[in-house]
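Observations on the three-dimensional arrangement
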Amino acid sequence: MFLKPFRIKTKTSVKSSDRKKLRSDIQQSFASLTEEDVLKLLPQKEEMTLVKINTHADENIVVYTVGKNPLFFENFKILYPTVYTLWQFPEILQAFRTWPPVYEKLQKGADLMLPGVVPDNEPSSKMFGKLQKGDLVSIKIAGNKSPVAIGKALLSGEDMYMSAMRGKGVSVLHIVGDTLWEMGDKSRPPMIPETLPNSYCEEEVENTKTTEETDQSENTIDNAISDLKMEETEASGACSCGETSQNDVLDESDEKERNPTEQMDDLLNFCFACALKSKIKKNDLPLLTGNLLRNYMQPFSGGKQLDLKKSSFKKLSKFLQSKVNDGYIVVKEQSKGVDVITEIDKTHPGVRDIQVPDIVEAAEAISEETNEDGSYQPLTFTDVYLVNAATLDLFKESGICKGDALQISDVRQHVINYIKTNNLQKEDNPKLVTLDPILAHIILKPVEGDLDEMNWEQVINRVVGKMQAGVAISSGSRPPTIKKTKIEPIKLEVVMRASQKKVTIVDNLEEYGLDLRVFSKLVQKSVACSCTIVTPEQKNKGPQVHVQGNQVNFVYNLLTEKYKIPKRYVTGLENAPKQKKR
């Protein structure tokens, strides 16, 4: 949450009445704290400040500081203690113990995996028996009771036990070394020795204590942990390093045990939540559902290809319906066969608690849509034919599913293979094909019920005629966007504003899979004018690009010459400025 720098919006002093209310909220949230404990945290005469910040993930968070140190932060009316608070009262949260090498991974943004947890002598069922999914927990380094991070439990204690301590255990929210920690005096955890379970080597405990006590007045926590790791590697590397490598193996084997369908479901759900939280803005609505997967979810996949056919949903409509049922979004039919997302809920727990990874932003995406020499990667339009219910029986033997898109050459080859595999070519006349029940059901008209043979070309043409025509639009190495219905052309209009200034409106770009942000930046950079993305007030209207001045000629040439969009798909050239006669 605080790995990247945040922006401070306001700083205000906390009034005595607000301070009193905060004390009450703290006692309610952390029952183990007494009134004296809370007064120790928030002294009457100590200056207290309320700081409103905006994080890198565009979250608005309230931070309460006493003196220089942040003690609590509030997000969606939930209070979270910082590490500075936990150093004074380390027992207020259930603690997870881990090794220094694992802590280094946590500092880089990783979640705490259960194989990396150092267990007590008690079984995990007793260690975390009362823990519930979503509970606040702390993380400490083996040998020291002072917490170094806080997070949320991703599983209940019972589920951790039933999973044999595999998978993700804690989602880290705040850790020593992040920007919230840097907001304070940057002190490091005090040394509160603890005895490790008997099953772990005593030498490692001694090394941990010695390092902490020796370096207490020297460097920041990052250097201290680095030094600790080096000393442990030299003195007891077989104990800690072996544990780390074993954890890595467990993590990998745990991932391999899951079947591909579950992995794809998890990836789709994760990318969807990330898109809702950080990429889809209010001015993007209404959003065509056909653009959600490629333009908004794919950037969060970590380089993996999102494929609905490899998931349990199989279709985008079923995936979206599940999200509608869960309350994430509202989907409405804009026109026949065209659905749009009209509302999104960014306060949904599944969106609110997700940690969004870094993605390529619009400015960087420009370079993705250009070749090394700076020229644009053109769009490719390919006529395809989609396998439907009427023709599925003919193709399913080849492993082709309903909805798959084939080029005309592929359809021809599949029909030929089907005829040859089933020995339907007539021996006495190779130009004719015997119609078996499947072919006859697909291609024969009612008045041709008794017909039992047909020539090759007729068979192929009739199969193609029974399939649903569509267009595949692709760009570079990106997967193509399949359009099953008739494509509406890109419309170029010029309107006069009240200020007597002309504006060029480019409509329907999203239908062609173009990223509006990238396109608008390209236009703005090329013609040095204002270019914005606007969502019209009229219903059934998607986002538009508004360009200052009459730029019809430039936009038309950009679309047809650079992006290689066929001219029949772009209208409005008649609105271009008239050439003056010399």
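Residues numbered from 1 in each chain as written. Predicted model: local features only at pLDDT ≥ 70, side-chain atom pairs only at ≥ 80, totals over all residues. Heavy atoms only, no water.

Put simply, the rule is: UniProt positions are given in the numbering used here, feature names are shortened, and annotations may be inferred rather than shown by experiment.
An unreviewed UniProt entry lists the chain under the name Eukaryotic translation initiation factor 2D-like isoform X2, from Biomphalaria pfeifferi. UniProt annotates the chain under Sequence similarities (unreviewed entry) with the comment "Belongs to the eIF2D family."

Observations concerning the side chain of lysine 323
Here is the rule: The numbering of helices and of strands both runs from the N terminus, where a helix is a DSSP run of H or I of at least 4 residues and a strand a run of E of at least 2. Using a 1.4 Å probe on the protein chains alone, a residue whose accessible area is under 20% of its type maximum counts as buried, one over 50% counts as exposed, and one in between counts as partly exposed. We score Asp and Glu as negative and Lys and Arg as positive, and we do not count His or the chain ends. We define a salt bridge as a contact between a side-chain nitrogen of Lys or Arg and a carboxyl oxygen of Asp or Glu at a distance within 4 Å. The term polar contact refers here to a pair of N or O atoms within 3.5 Å; inside protein, the definition further demands a hydrogen-donor-capable atom paired with an acceptor-capable atom, and it admits residues adjacent in sequence only when both atoms are side-chain atoms. Between two residues, a contact is recorded if the distance between any of their heavy atoms is within 4.5 Å.
Secondary-structure assignment places lysine 323 in helix H12 (residues 316-325). One buried charge, lysine 323, has no salt-bridge partner; the nearest side chain with opposite charge is aspartate 326, at 5.0 Å. Looking at lysine 323, its side chain comes within polar contact range of the side chain of asparagine 269, at 2.8 Å. Once residues lying within four places of it in the same chain are set aside, the contact partners of lysine 323 are Asn269, Phe272, Tyr328 and Ile329.

Overview of the sheet that holds strand S21 (residues 502-507)
Paired through backbone hydrogen bonds, the strands of a sheet run either parallel or antiparallel to each other. To keep things clear, this is the line we draw: Here the rule is simple: two strands pair whenever DSSP picks up at least two bridges between them. Simply put, an axis is a line fit to the C-alpha atoms, just over the touching stretch for a helix, and the angle between two N-to-C directions goes from 0 to 180 degrees.
Judged by pairing direction, the sheet is mixed, and its five strands sit side by side in the order S22-S23-S21-S20-S24 without closing on themselves. Looking at the sheet topology across the chains shown, the edges are occupied by strand S22 (531-534) and strand S24 (570-571). Both strand S20 (residues 490-496) and S21 contribute to a ladder of six bridges, which runs antiparallel. In the strand pairing of S21, lysine 491 is matched with aspartate 507. Helix-sheet contacts for helix H19 (residues 516-527) involve S22 and strand S23 (544-548), and the interaxial angle to S22 is about 155°. Sheet strands in contact with helix H20 (residues 552-562) are S20, S21 and S24, and its direction is about 170° off that of S20.

Observations regarding the sheet that holds strand S3 (residues 60-66)
The sheet built from five strands is open, its strands ordered S1-S2-S3-S4-S5 with antiparallel pairing. This sheet does not close on itself; its edge strands, each paired only once, are strand S1 (7-13) and strand S5 (78-81). Within this sheet the neighbouring strands show an average axis-to-axis angle of 25°, counted without direction. Two elements, S3 and strand S4 (residues 69-75), share five bridges in a ladder whose sense is antiparallel. Along S4, the bridge assignment pairs valine 62 with glutamate 74. Across the sheet, helix H1 (residues 16-29) lies against strand S2 (48-54), S3, S4 and S5, angled at about 80° from S5, the strand it touches most.

Here's the deal with a positive patch on the surface
Inclusion rule: Patch definition: residues with relative accessible area over 30% and no salt bridge; like charges joined within 9 Å; nonpolar side chains (Val, Leu, Ile, Met, Phe, Trp, Tyr) joined within 5 Å. The protein chains shown are the only cover counted for residues, whose accessible areas, like all others here, come from Shrake-Rupley with a 1.4 Å probe. Charged groups are reduced to one reference atom each: NZ for lysine, CZ for arginine, CG for aspartic acid, CD for glutamic acid.
A contiguous patch of positive charge on the surface is contributed by Lys315, Lys318, Lys402 and Lys484. Mapped onto the secondary structure, lysine 318 falls in helix H12.

A look at the side chain of serine 171
Tracing the chain through its elements places serine 171 in strand S10 (residues 168-175). Judged by its relative accessible area of 8%, serine 171 falls in the buried class. When near neighbours in sequence (up to four residues on either side) are disregarded, serine 171 contacts Asp111, Gly151, Lys152, Leu154 and Gln355.

What about the packing of helix H16 (residues 408-421) against helix H18 (residues 456-466)?
Counted only if it meets this: Our angle categories are set so that under 35 degrees counts as roughly parallel, over 145 as roughly antiparallel, 65 to 115 as roughly perpendicular, and the remainder as oblique. Less than a right angle of anticlockwise turn of the near helix away from the far helix marks a crossing as left-handed, whereas a clockwise turn marks it as right-handed. Under the convention adopted here, Pro, Cys and the residues Ala, Val, Leu, Ile, Met, Phe, Trp and Tyr are nonpolar, Asp, Glu, Lys and Arg are charged, and Gly plus all remaining residues are polar.
Interaxial distance between H16 and H18 falls to 10 Å at its minimum, and their mutual angle equals 125°. With respect to their mutual orientation, H16 and H18 come out oblique. As H16 packs across H18, the resulting crossing turns out to be right-handed. For the pair H16 and H18, the contacting residues are Ile408, Val411, Arg412, Val415, Ile416 and Ile419 in the first and Trp456, Glu457, Val459, Ile460, Val463 and Val464 in the second. For the contact of H16 with H18, the residue count by class is 10 nonpolar, no polar and two charged.

Some remarks on unusual backbone geometry
With a phi angle near 55°, phenylalanine 76 is a residue other than glycine that sits in the positive phi range. Position of phenylalanine 76 among the secondary structure elements: in the loop between S4 and S5. One non-glycine residue, lysine 186, lies in the positive phi region at around 65°. Positionally, lysine 186 belongs in the loop between helix H7 (179-182) and helix H8 (202-214). On the accessibility criterion, lysine 186 (44% relative accessible area) is partly exposed.

With respect to empty space enclosed by the protein
Rules: Cavity means a closed set of points on a 1 Å grid over the protein atoms alone, one where a 1.4 Å probe fits but cannot get out, pocket means an open set with protein on both sides within 12 Å along at least 5 of 7 lines, and lining means a residue has an atom within 4 Å of a point. Grid points are joined across faces, edges and corners, and a volume is the space filled by probe spheres set on the points.
Here the structure, examined in full by the defined rule, presents two cavities of 30 Å³ or more. Forming the walls of the largest cavity are 13 residues, and the residues nearest its centre are Met1, Leu3, Val172, Leu173 and Gln355.

So, the layout of surface pockets
Taken as a whole, the second largest pocket holds about 1700 Å³ of empty space. Along its surface, the second largest pocket is lined by 42 residues, and Gly290, Leu308, Leu316, Ile482 and Lys484 are the ones closest to its centre. Broken down by secondary-structure element, the contributors of at least two residues to the lining of the second largest pocket are helix H11 (292-297), H12, strand S12 (329-335), strand S13 (338-344) and strand S19 (481-483). If you tally residues by element for the lining of the second largest pocket, the top one is H12, at five residues.

Description of the pattern of salt bridges
Two side chains bearing opposite charge may form a pair once their charged atoms approach each other closely. Evaluation of the coordinates by the stated rule reveals eight salt bridges. With a shortest N-O distance of 3.1 Å, glutamate 59 and lysine 277 are connected by a salt bridge. Taken as a pair, glutamate 59 in the loop between S2 and S3 and lysine 277 in helix H10 (residues 260-279) lie far apart in primary sequence, 218 residues in all. Of the two residues, glutamate 59 and lysine 277, both sit in the buried class. A salt bridge links lysine 168 to aspartate 111; the nearest nitrogen and oxygen atoms lie 3.7 Å apart. On the criterion of sequence distance, the pair formed by lysine 168 in strand S10 and aspartate 111 in the loop between helix H4 (100-107) and strand S7 (112-113) is long-range, its members being 57 residues apart.

A word on the confidence of the model for the chain
What counts here: A score from 0 to 100, pLDDT tells how confident the predictor is in each residue.
When pLDDT is averaged along the chain, the result is 79, and 80% of the positions lie at 70 or above. Averaged over each element, pLDDT in the chain is lowest for helix H14 (residues 362-368) (39) and highest for helix H3 (residues 83-88) (94). The low-confidence segment residues 223-257, where pLDDT is below 50, has 52 contacts with residues more than four positions distant or belonging to other chains. Ignoring residues within four places in sequence, the model shows residues 360-375, a span with pLDDT below 50, making 25 contacts including any to other chains.

Structural notes on the packing of aromatic side chains
Filter applied, for reference: Any two rings among Phe, Tyr and Trp, with Trp reduced to its six-membered ring, count as a pair given centres within 6.5 Å; such a pair is stacked if its planes are under 30 degrees apart, edge-to-face if over 60, and tilted if neither. Lysine NZ or arginine CZ positioned within 6 Å of the ring centre and within 35 degrees of the ring normal marks a charge as sitting over the ring.
Per the stated rule, a full pass over the model turns up nine aromatic pairs. With centroids separated by 6.3 Å and ring planes inclined at 80°, the aromatic side chains of phenylalanine 2 and phenylalanine 6 adopt a geometry described as edge-to-face. Between phenylalanine 30 and phenylalanine 72 the ring centres are 6.1 Å apart and the planes differ by 40°, which places this aromatic pair in the tilted class. Residue phenylalanine 30 is located in the loop between H1 and helix H2 (35-41), and its partner phenylalanine 72 is located in strand S4; the two are separated by 42 residues in the primary sequence. In this pair, the class of phenylalanine 30 matches that of phenylalanine 72, namely buried. Every member of this aromatic cluster is reached through a ring pair, and the members are Phe2, Phe6, Phe73 and Tyr80. Here the basic side chain of lysine 323 rests over the ring of tyrosine 328, its NZ or CZ set 5.1 Å away from the ring centre.

Details of the nonpolar core
Stated precisely, the cut-off is as follows: Buried residues of nine kinds, namely Ala, Val, Leu, Ile, Met, Phe, Trp, Tyr and Cys, make up a nonpolar core once their side-chain atoms join them within 4.5 Å.
Core analysis: the largest hydrophobic core is formed by 60 residues, its most contacted members being Ile26, Tyr64 and Phe96. In this structure, Phe381, Leu509, Ile565 and Val570 belong to the second largest nonpolar core, which totals 30 residues.

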